[in-house]
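Listed below are the residues making up each chain.
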Amino acid sequence: MAAGSSQWLPCCAHLFSAEWWADWAAEPSVDHEMLLEPEGPIGQQPSGNELKLKAFGVGRVLGTGAFSTVRQGTHRASGRTYALKLVDKQKSNAKSIAHEVGLMRRGGSHAHLVSLFDHFELARAWVLVLELVSGGEVFDRICSRGAYSERDAAAHQHG
């Protein structure tokens, strides 16, 4: 369905103006593969952070946004699976990433928050190594439901 159609996200579409939807539809998509490419001549020694990325088997795309893409990543040594959030440097800035990392660190390890395990910088992207959470997008669930009462949200915390 087109972003401007009245059936697309009926509960949430009204939150955004027609101009916002037009800008969103015109926004070029993130080149997921480009974010993983090293910068510099072929054959150049990889940086320490590029070696950090090589510690993961980078898998399928789990989700995308205007500034980033999230891919499944399997840590080769441990076999543990993570979500690798690749934030495009051309569409964001270091201050925003530092703020996001700071918020996630303050949240610490909590049953109802996605945990941050590591973060590092590549030539074209910042990488956040996050807890992999299955079950789909929370935003999509809220929109498909229409609305959540406080009681409904509390029930889902324990279920």
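Because the structure is a prediction, the values reported are computed rather than measured.

Draft legend 1. Examining the sheet that holds strand E5 (residues 125–131) more closely. Spatially, five strands are ordered E1-E2-E3-E5-E4 in an open sheet, and the strand pairing comes out antiparallel. The strands lining the two open edges of the sheet, one partner per strand, are strand E1 (56–64) and strand E4 (116–121). Averaged over all pairs of adjacent strands, the angle between their axes in this sheet comes to 25°, without regard to strand direction. Across seven bridges, the pairing between strand E3 (residues 81–88) and E5 is antiparallel. The partner of alanine 83 across the bridge, within E5, is leucine 130.

Draft legend 2. Highlighting the packing of aromatic side chains. Under the criterion given, the structure shown has two aromatic pairs. Between the aromatic rings of phenylalanine 56 and tyrosine 82, the centroid separation amounts to 5.9 Å while the plane-to-plane angle is 85°, which identifies the pairing as edge-to-face. Placement of phenylalanine 56 in strand E1 and of tyrosine 82 in strand E3 is noted, with a sequence separation of 26 residues between them. Here the two residues phenylalanine 56 and tyrosine 82 agree in accessibility, since each one is buried. Ring geometry for tyrosine 82 versus phenylalanine 117: centroids 5.1 Å apart, planes at 75°, classification edge-to-face. Note that tyrosine 82 is positioned in strand E3 and phenylalanine 117 in strand E4, a separation of 35 residues in sequence. Overall, tyrosine 82 belongs to the buried group, its relative accessible area being 11%. A relative accessible area of 39% places phenylalanine 117 in the partly exposed class.

Parameters at a glance
- Residues numbered from 1 in each chain as written.
- Predicted model: local features only at pLDDT ≥ 70, side-chain atom pairs only at ≥ 80, totals over all residues.
- Heavy atoms only, no water.
- Pairing = 2+ DSSP bridges.
- Helix = DSSP H or I, 4+ residues; strand = E, 2+ residues; numbered from the N terminus.
- Axes fitted to C-alpha atoms, helices over the stretch in contact; angles between N-to-C directions.
- Phe/Tyr/Trp six-rings, centres within 6.5 Å; stacked < 30°, edge-to-face > 60°.
- Buried < 20%, exposed > 50% of the residue type's maximum accessible area, 1.4 Å probe, protein only.

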